[in-house]
Amino acid sequence: MEDIVITDNSELSVYEATIGSRRAAGLVYNKVGNRVVLMATSVLPEFRGEE
């Protein structure tokens, strides 16, 4: 099993999850003052239902 790596793509305001070299998911956010507001998530179809 490969490790999941989470990175902050601050240019697009998206936290991205990669497994190996493949992007698996994203979480769109907005920064409001000192808070981070989570807006939406997406998981690519080939990674849905995985544990």
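The notes below deal with the structure included here.

Criteria and cut-off values
- Residues numbered from 1 in each chain as written.
- Predicted model: local features only at pLDDT ≥ 70, side-chain atom pairs only at ≥ 80, totals over all residues.
- Heavy atoms only, no water.
- Helix = DSSP H or I, 4+ residues; strand = E, 2+ residues; numbered from the N terminus.
- Buried < 20%, exposed > 50% of the residue type's maximum accessible area, 1.4 Å probe, protein only.
- Contact = heavy atoms within 4.5 Å.
- Lys, Arg positive; Asp, Glu negative; His and termini not counted.
- Charge placed at Lys NZ, Arg CZ, Asp CG, Glu CD.
- Pairing = 2+ DSSP bridges.

### With respect to the overall build of the chain
Counting its secondary structure elements, the chain contains zero helices and four strands. Listing each helix as α and each strand as β along the chain from the N terminus yields β-β-β-β. Each principal axis of the C-alpha atoms in the chain carries an extent, and together these give about 40 × 20 × 15 Å. Across the 51 residues in the chain, those meeting the buried criterion constitute 16%. Contacts spanning at least 24 positions in sequence make up 6% of the contacts within the chain whose residues lie at least 6 apart. Computed over 5 positive and 8 negative side-chain charges, the inter-centroid distance for the chain is 9 Å.

### What to know about the pairing of strand β2 (residues 14-19)
With six bridges joining them, strand β1 (residues 4-9) and β2 adopt antiparallel strand pairing. The residue bridging Thr7 from the neighbouring strand is Glu16, located in β2. Two successive antiparallel strands, β1 and β2, enclose a turn made up of four residues, where Ser13 displays a positive phi of approximately 55 degrees. Here six bridges tie β2 to strand β3 (residues 22-32), and the two strands are oriented antiparallel to one another. Opposite Ile19, over in β3, you have Arg22 as the bridge partner. Linking β2 back to β3 in an antiparallel pair, the connection comprises two residues, with Gly20 at a positive phi of about 65 degrees.

### A word on the environment of Ser13
Tracing the backbone through its elements, the reader meets Ser13 in the loop between β1 and β2. Residue Ser13 is classed as partly exposed on the basis of its relative accessible area, which comes to 24%. For the pair Ser13 and Asn30, spaced 17 residues apart in sequence, the C-alpha separation works out to 6.6 Å. Beyond its immediate stretch of four places on either side in the chain, Ser13 contacts Leu27, Val28 and Tyr29.

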